[in-house]
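Reading the structure
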Amino acid sequence: MKVEEGHPVFYPNNFQQATSIEEIRHFVADNKLAFVYISRTNCGVCHAVQPQVQEMLEEFPAIKAIQANADDIPEVAGEFTVFTVPALLLFVEGKEMIREARFVVMDELHHQFQRIADNF
């Protein structure tokens, strides 16, 4: 969330909400640049990081994003070897290229997105 002139500006939720592990697998396979955001319902850090990542992704339209709630899809943690949330995973043509977890340095993440997006 950004604040302009004292008023919060809410960005639309550009994360597709995953409902199954199969949907996530297909999403990663079907998109050249697939970003998977794994969170949990009661994770304060997850809810703080998500809008920052969503705003950042607006600069990179080639990166398609999906969110998986590990409370609703518990097998997502095992599938992607996630030990803490939020977990931010970027796949390039099905191969994991970026992995960030818990406390994310946004400038570094932006730099990594930029480096990859420049090649597409």
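Residues numbered from 1 in each chain as written. Predicted model: local features only at pLDDT ≥ 70, side-chain atom pairs only at ≥ 80, totals over all residues. Heavy atoms only, no water.

**Some details on the environment of Phe 80**
Counting through the fold element by element, Phe 80 comes out in the loop between helix H3 (75–79) and strand E6 (87–92). For Phe 80, a relative accessible area of 10% puts it in the buried group. In this structure, the C-alpha to C-alpha distance between Phe 80 and Val 36, residues 44 residues apart in sequence, is 9.9 Å. Not counting the four nearest positions on each side in its chain, Phe 80 is found in contact with Ile 21, Ile 24, Ile 38, Leu 89, Phe 91 and Arg 99. (Helix = DSSP H or I, 4+ residues; strand = E, 2+ residues; numbered from the N terminus. Buried < 20%, exposed > 50% of the residue type's maximum accessible area, 1.4 Å probe, protein only. Contact = heavy atoms within 4.5 Å.)

**Description of the packing of helix H2 (residues 44–57) against helix H4 (residues 106–117)**
Packing of H2 against H4 leaves a shortest axis separation of 11 Å and a crossing angle of 35 degrees. The way H2 lies across H4 gives a crossing that is right-handed. On the side of H2, the interface is formed by Val 49, Gln 52, Val 53, Met 56 and Leu 57, while H4 contributes Met 106, Leu 109, His 110 and Phe 113. Residue classes in the contact of H2 with H4 are distributed as 7 nonpolar, 2 polar and no charged. (Axes fitted to C-alpha atoms, helices over the stretch in contact; angles between N-to-C directions. Left-handed = near helix turned anticlockwise from the far one by under 90°. Nonpolar A, V, L, I, M, F, W, Y, C, P; charged D, E, K, R; others polar.)

Treat this as a map of the structure, not an account of what it does.
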